[in-house]
Amino acid sequence: MEVAALTDVGRVRSANEDAYGLCAEAGFFVVCDGMGGAAAGEVASQVAVAAVMEGFCQGQSPESPRQAIVSSIGSANERVFTHAEKEASLHGMGTTLVALLVRGEQAWVAHVGDSRCYRFRAGTLERMTQDHSLVDEQVRLGQMTQAEADVSPFRNVITRAIGTREAVTPDIEEVPLETGDLFLLCSDGLTKEVSEAHIAEILSENSSSDVQVLCKRLIEEANAAGGSDNITAILVKIS
């Protein structure tokens, strides 16, 4: 695999509440986007990343890939929730999470919240996750168009997150791999500023570029479009 990761505070926020982790040896990658008052969002995302990374980077888990993901996300949820319960200033904090696990010729995509995973294959960008957000659920139910959702004042309302309740259920999908597949894990700081069509265009035009160059280009495009939120991106190319 070829791997690159970058995070940026953006042009508006004073602090970065995004966090990411990667362990290429174990084929595990994760992006979290924290939320909460004061520094709570930053704490939530960092606690969640640390928790899920432990299970994959401190030796191979004997569990099946799917069960290992469920266990690690459960541990992350418990830690964030407990942390928030113990400190009044952190009460109510939470974080989104999107993760990718690559094992052999298969990959598992897991997420909670509105951080996303995309797969770029043969010139086509495919969204692998569905946002756990109020507007995205309304779009899926046919109660709102995507264009309406993109400008809705409720587009930041998350319906599922790590750490806001005692338990959480991630969505997990197993997908077969092909040589040349390029996976993008990102926080909504990227997707709010750069359309999926433009992301596909960037990846198509620079398909021969190093993944670190591609990652930097995506961050730059989000900032050029306004940089209204923290921006995090991980690129994983199956070579």
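Presented here is an overview of the structure given in this document. (Residues numbered from 1 in each chain as written. Predicted model: local features only at pLDDT ≥ 70, side-chain atom pairs only at ≥ 80, totals over all residues. Heavy atoms only, no water.)

Here the focus is the pattern of salt bridges. In the structure shown here, the tally under the stated rule is 15 salt bridges. Between Glu-126 and Arg-119 there is a salt bridge whose closest N-O contact spans 2.7 Å. The exposure class of Arg-119 is buried, given its relative accessible area of 10%. Between Arg-121 and Asp-181 there is a salt bridge; the shortest N-O distance is 2.8 Å. Placement of Arg-121 in strand E6 (residues 116-121) and of Asp-181 in the loop between strand E8 (171-176) and strand E9 (182-186) is noted, with a sequence separation of 60 residues between them. A cluster of three or more residues bridged by salt bridges with shared partners is formed by Arg-116, Arg-127, Asp-131, Asp-136, Arg-140 and Glu-196. (Salt bridge = Lys/Arg side-chain N within 4 Å of Asp/Glu carboxyl O. Buried < 20%, exposed > 50% of the residue type's maximum accessible area, 1.4 Å probe, protein only. Helix = DSSP H or I, 4+ residues; strand = E, 2+ residues; numbered from the N terminus.)

On the surface, a cluster of nonpolar side chains totalling about 240 Å² of accessible area is made up of Leu-134, Phe-154 and Val-157. Considering the arrangement of structural elements, one finds Phe-154 in the loop between helix H4 (146-151) and E8. (Patch = residues over 30% accessible without salt bridge, like charges linked within 9 Å, V, L, I, M, F, W, Y side chains within 5 Å. Areas by Shrake-Rupley, 256 points an atom, 1.4 Å probe, with all protein chains shown as cover.)

In the contact formed by helix H1 (residues 40-57) and helix H2 (residues 65-86), the axes pass within 8 Å of each other and the chain directions differ by 145 degrees. Both H1 and H2 take part in a crossing whose hand is right-handed. Residue-level contacts link Val-43, Ala-44, Val-47, Ala-48, Ala-51, Val-52, Glu-54 and Phe-56 of H1 to Ala-68, Ile-69, Ser-72, Ile-73, Ser-75, Ala-76, Arg-79, Val-80 and His-83 of H2. Split into classes, the residues belonging to the contact of H1 with H2 amount to 12 nonpolar, three polar and two charged. (Axes fitted to C-alpha atoms, helices over the stretch in contact; angles between N-to-C directions. Left-handed = near helix turned anticlockwise from the far one by under 90°. Contact = heavy atoms within 4.5 Å. Nonpolar A, V, L, I, M, F, W, Y, C, P; charged D, E, K, R; others polar.)

Here the focus is the packing of aromatic side chains. Taken as a whole and assessed by the stated rule, the structure comprises one aromatic pair. Relative to Phe-56, the ring of Phe-28 lies with its centre 4.0 Å away and its plane at 15 degrees, an arrangement referred to as stacked. With Phe-28 in strand E3 (residues 28-35) and Phe-56 in helix H1, the pair connects residues that are 28 residues apart, well separated along the chain. Summarising the burial analysis for this pair, Phe-28 and Phe-56 share the class buried. (Phe/Tyr/Trp six-rings, centres within 6.5 Å; stacked < 30°, edge-to-face > 60°.)

Summary: where empty space remains is shown by rolling a probe the size of a single water molecule over the atoms. Of the pockets and cavities examined, the largest pocket occupies roughly 460 Å³. Looking at the largest pocket, it is lined by 21 residues, and the ones nearest its centre are Arg-116, Asp-150, Arg-155, Thr-191 and Lys-192. Within the residue set of the lining of the largest pocket, elements represented by two or more residues are E6, helix H3 (134-140), H4 and helix H5 (188-191). For the lining of the largest pocket, the element with the most residues is H4, which contributes three residues. Residue composition of the lining of the largest pocket, by class: four nonpolar, six polar and 11 charged. (1 Å grid on protein atoms, 1.4 Å probe; cavity = no way out; pocket = protein on both sides within 12 Å on 5 of 7 lines; lining within 4 Å. Points joined across faces, edges and corners; volume = space filled by probe spheres on them.)

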